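# Coordinates in review
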Amino acid sequence: MTVNVSGAETQPAMLIELNYKSGKPVYLQLVDQVKAAVASGALAAGDPLPSIRPLAERLRVNRNTVAKAYEELESQGIIESLPGKGSFVRQPKSPLRKEIRHELLAREIDQSVVAAHHLQVSREDFLELVRERYEQFEQRRDSAQSIQKETR
Amino acid sequence: MSDPMPVVHVRNLHYAYDGSDAVRGLNLSVRRGGCHALFGRNGAGKTTTMKCLLNLLQPQEGEVRLFGLDPAVDEVAVKRRIAYVPDSPAFYPWMTVGETIDYLASFRPQWNDGKEKDLLRRFTLDPRKKVTSLSKGQRTQLALIGALCPEPELLVLDEPTSGLDPIVRREFIETVIGAYQEGGDGDRTILVSTHLISEFEGLIDEFTLLEGGREILTLGADAARERYRKVRARFARPASEIELPAGLHARCVGRELEVIVQGDESLLLRQLREQQPQALETEGLSLEEIFLVAAAPAAPEGALR
């Protein structure tokens with residue numbers, strides 16, 4: 001199911017797609033997609049997220065699933081909730097030291113390395129693919145930013 | 001799930017209609033704030049169990065507690081905290097929509113008038129209309145208004161959307177999520193029985209599978225989707241020649257093979273990989289597929305299980 005998510009009419013939209021066959025907890029799918037939207041620039045710092053009720057209704061998921069996802073995003077420092085105002089994307093600012101941030105990322109990379117092995121993707125192809133994906137994200141972020149500048 | 005006080009607690013429930021057993025030793029526990037689904041084929045005992053909770057039927061054996069109370073003893077105290085939407089809601093035929101709502105509200109210590117107005121508008125129900133002129137969808141919408149306006153702690157839904165058109169079904173689920181769940185700050189509980197599993201999938205966070213009047217499986221929805229996996233492989237030779245780990249049954253069609261695995265599929269994947277598949281993929285199962293796997297009668301050798 002795909003739902004177009006945006007906190008207000010003038011804000012850039014973000015698509016949320018839930019897959020009940022992915023074996024991944026639903027709230028984590030929400031967390032990861034909001035994080036991806038922030039990384040790609042679809043959501044910028046200061047952008048509002050929809051409030052829990054309309055998002056839960058539109059996705060037709062349990063209200064508590066959305067609440068849990070927002071709590072997780074807040075504890076990871078991705079969004080902040082202002083009482084009476086709603087939830088907003090925060091300026092990326094990790095409170096963790098660089099070594100710890102690297103270590104956390106290394107765990108994620110390890111999973112991809114394992115997957116690459118089983119899919120018989122070579123080291124060179126793997127590294128090339130990482131570069132490609134990274135550049136794609138940068139491009140999307142740049143174009144999202146330039147669109148935002150034009151509309152402001 | 002060892003909540004000290006679950007909202008619904010059923011132990012060793014028995015109920016028989018004229019000597020034919022409908023529920024035979026059922027256990028059930030529903031925690032506060034969750035949406036618990038009852039899955040099962042027709043005749044598995046879902047409706048009988050719900051009617052025992054609502055004190056519409058009296059258990060012949062076993063224990064039923066709602067909020068720690070016995071609904072047969074503390075009937076009034078229990079009923080003011082719950083609401084029920086059945087498969088085919090019944091109203092007094094001489095009443096209008098507005099009169100029906102007033103009648104339902106007269107039994108309730110609290111009634112949210114704002115919610116009543118919102119929902120009447122949302123469903124475009126005319127209070128002056130006779131209930132006999134309502135469609136099946138509109139009758140269900142009226143029953144939902146009657147169930148949500150008293151702000152119950154527990155909402156019991158028995159096949160609430162069967163026989164309704166897709167738009168009414170979608171609106172029903174959205175209303176339960178928005179108008180009902182939102183009000184309680186995360187502690188409103190839903191017990192739903194449905195065959196339309198995929199439509200309720202996002203709402204359900206725990207389910208119990210009933211068979212022959214007993215529970216055969218209770219699992220969290222995320223845990224279930226994590227546990228059941230479907231592995232598909234294609235080989236250069238007929239799939240029926242492929243050796244599988246003991247105890248696993250595959251469905252073989254030509255050179256393709258499909259196995260449902262519970263838990264860790266890595267052993268199976270390793271074994272399949274050794275036999276040089278041309279394609280090998282793993283996929284999760286939706287709740288409906290899990291129901292089909294778990295509720296299927298014991299399959300003969302070689303059949304999908």
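Residues numbered from 1 in each chain as written. Chains lettered and ligands numbered in written order. Predicted model: local features only at pLDDT ≥ 70, side-chain atom pairs only at ≥ 80, totals over all residues. Heavy atoms only, no water.

### Here we look at the overall build of chain A
Check the secondary structure of chain A and you find five helices and four strands. Along chain A, from the amino end to the carboxyl end, the secondary structure elements read β-β-α-α-α-β-β-α-α. Expressed as a percentage of contacts within chain A between residues at least 6 apart in sequence, the contacts between residues at least 24 apart total 51%. Looking at chain A as shown, the accessible area adds up to about 9900 Å², and 52% of this sits on carbon and sulfur atoms. (Helix = DSSP H or I, 4+ residues; strand = E, 2+ residues; numbered from the N terminus. Contact = heavy atoms within 4.5 Å. Areas by Shrake-Rupley, 256 points an atom, 1.4 Å probe, with all protein chains shown as cover.)

### Comments concerning the layout of surface pockets
Of the volumes computed, that of the largest pocket is approximately 1900 Å³. Lining the largest pocket we find 31 residues, and of these Lys 35, Ala 36, Ala 39, Leu 105 and Glu 108 of chain A sit closest to its centre. Mapped by element, the contributors of at least two residues to the lining of the largest pocket are helix H1 (26–40), helix H4 (98–118) and helix H5 (123–151) of chain A. Sorting elements by how many residues they give to the lining of the largest pocket places H4 of chain A first, with nine residues. Counted by class, the lining of the largest pocket contains 15 nonpolar, five polar and eleven charged residues. Counting contributing residues, the lining of the largest pocket receives three or more from each of domain 1 (2–89) and domain 2 (98–151) of chain A. The volume enclosed by the second largest pocket comes to roughly 1100 Å³. Along the wall of the second largest pocket there are 30 residues; nearest its centre are Gln 111, Ala 115, Ala 116, His 118 and Leu 119 of chain A. Only H1, H4 and H5 of chain A together with helix H9 (266–274) and strand S13 (279–284) of chain B provide two or more residues apiece to the lining of the second largest pocket. (1 Å grid on protein atoms, 1.4 Å probe; cavity = no way out; pocket = protein on both sides within 12 Å on 5 of 7 lines; lining within 4 Å. Points joined across faces, edges and corners; volume = space filled by probe spheres on them. Nonpolar A, V, L, I, M, F, W, Y, C, P; charged D, E, K, R; others polar. Domains from an automatic or database assignment.)

### Quick notes on the packing of aromatic side chains
Residues and elements named next belong to chain B. This structure, assessed with the given rule, holds six aromatic pairs over all chains. Look at Phe 39 and Phe 207: their rings are 5.2 Å apart centre to centre, the planes differ by 25°, and that puts the pair in the stacked class. Remark: Phe 207 occurs in strand S8 (residues 206–211) and Phe 39 occurs in strand S3 (residues 35–39); sequence separation between them is 168 residues. Between the aromatic rings of Phe 39 and Phe 291, the centroid separation amounts to 6.2 Å while the plane-to-plane angle is 70°, which identifies the pairing as edge-to-face. Of this pair, Phe 39 sits in strand S3 while Phe 291 sits in helix H10 (residues 287–295); the two residues are 252 residues apart in sequence, bridging distant segments of the chain. Exposure remark for Phe 39: the relative accessible area of 1% places this residue in the buried category. By relative accessible area, Phe 291 is classed as buried at 14%. The rings of Tyr 92, Trp 94, Tyr 103 and Phe 107 are connected pair by pair, giving a single aromatic cluster. (Phe/Tyr/Trp six-rings, centres within 6.5 Å; stacked < 30°, edge-to-face > 60°. Buried < 20%, exposed > 50% of the residue type's maximum accessible area, 1.4 Å probe, protein only.)

### Topic: the pairing of strand S2 (residues 20–30) of chain B
Residues and elements named next belong to chain B. In the sheet, strand S1 (residues 8–17) pairs with S2 via eight bridges, with the strands oriented antiparallel. Each bridged residue has a counterpart across the sheet, and for His 14 the counterpart in S2 is Arg 24. Following S1, the chain reverses through two residues before pairing antiparallel with S2; Asp 18 in that reversal takes a positive phi of roughly 45°. (Pairing = 2+ DSSP bridges.)

### Details of the nonpolar core
What tends to happen in soluble globular proteins is that the nonpolar side chains get buried as a cluster. Residue and element names in this part refer to chain B. Of all hydrophobic cores here, the largest spans 76 residues; its most connected members are Phe 39, Phe 207, Tyr 228 and Leu 287. Discounting residues that sit within four places of it in the chain, Tyr 228 has contacts with Leu 217, Leu 219, Ile 260, Val 261, Gln 262, Gly 284, Leu 285, Ile 290, Val 293 and Ala 294. Core analysis: the next-biggest nonpolar cluster, separate from the first, contains 26 residues, Val 8, Phe 67, Ile 82 and Val 156 among them. (Core = buried A, V, L, I, M, F, W, Y, C linked by side-chain atoms within 4.5 Å.)

### Brief notes about the pattern of salt bridges
Enumeration over the complete set of coordinates arrives at 31 salt bridges over all chains. A salt bridge links Arg 53 of chain A to Glu 57 of chain A, with the shortest nitrogen-to-oxygen separation between them at 3.9 Å. Within this pair, Arg 53 of chain A and its partner Glu 57 of chain A are both found in helix H2 (residues 52–59), separated by four residues, close to a single helical turn. On the basis of relative accessible area, Arg 53 of chain A is assigned to the partly exposed category, the value being 33%. Taking relative accessible area as the criterion, Glu 57 of chain A reaches 15% and is therefore assigned buried. In this structure, Lys 136 of chain B engages Asp 87 of chain B in a salt bridge whose closest nitrogen and oxygen atoms are separated by 3.7 Å. Of this pair, Lys 136 of chain B sits in helix H5 (residues 136–148) while Asp 87 of chain B sits in the loop between strand S5 (82–85) and helix H3 (97–105), and the two are 49 residues apart along the sequence. The class of Lys 136 of chain B is partly exposed, set by a relative accessible area of 34%. (Salt bridge = Lys/Arg side-chain N within 4 Å of Asp/Glu carboxyl O.)

### Considerations on the interface of chain B and chain A
Interfaces are often described in size by the accessible area the parts lose on coming together. Taken residue by residue, the interface counts 27 residues in chain B and 17 residues in chain A. Roughly 2000 Å² is buried in total at the junction of chain B and chain A, and carbon and sulfur atoms are behind 47% of that figure. Interface area lost by chain B to chain A is led by Ile 177, Glu 182 and Gly 202 of chain B, which between them contribute 25%. Between the two partners, chain B and chain A, sit five salt bridges. Close ionic contact of Arg 122 of chain B with Glu 57 of chain A constitutes a salt bridge, the shortest N to O distance being 3.5 Å. Put simply, chain B and chain A have eleven residue pairs in polar contact (both at pLDDT 80 or more) between them. Ranked by residues supplied to the side of chain B that touches chain A, first place goes to helix H6 (residues 166–180) of chain B with six residues. (Buried area = accessible area lost by both parts, 1.4 Å probe. Polar contact = N/O pair within 3.5 Å; in protein donor to acceptor, adjacent residues only side chain to side chain.)

### Side note on the confidence of the model for chain B
All names here are of chain B. Averaged over chain B, the pLDDT score is 90; the fraction of residues at 70 or greater is 96%. Segment residues 299–305 is flagged for pLDDT under 50; beyond a separation of four residues in sequence, or across chains, it makes 17 contacts in the model. In the predicted complex, the global pTM is 0.84; the interface-specific ipTM is 0.86. (pLDDT = per-residue confidence, 0-100.)

### Some thoughts on the sheet that holds strand S12 (residues 256–262) of chain B
Residues and elements named next belong to chain B. Strands sit in the order S11-S12-S10-S13 across an open sheet of four strands; the sheet is antiparallel. Pairing within the sheet leaves two strands with one partner each, and these edge strands are strand S11 (250–253) and S13. If you compare each strand with its neighbour and ignore which way they point, the axes differ by 15° on average. In this structure, strand S10 (residues 228–234) lies alongside S13, joined through six bridges in antiparallel fashion. Opposite Val 231, over in S13, you have Thr 282 as the bridge partner. (Axes fitted to C-alpha atoms, helices over the stretch in contact; angles between N-to-C directions.)

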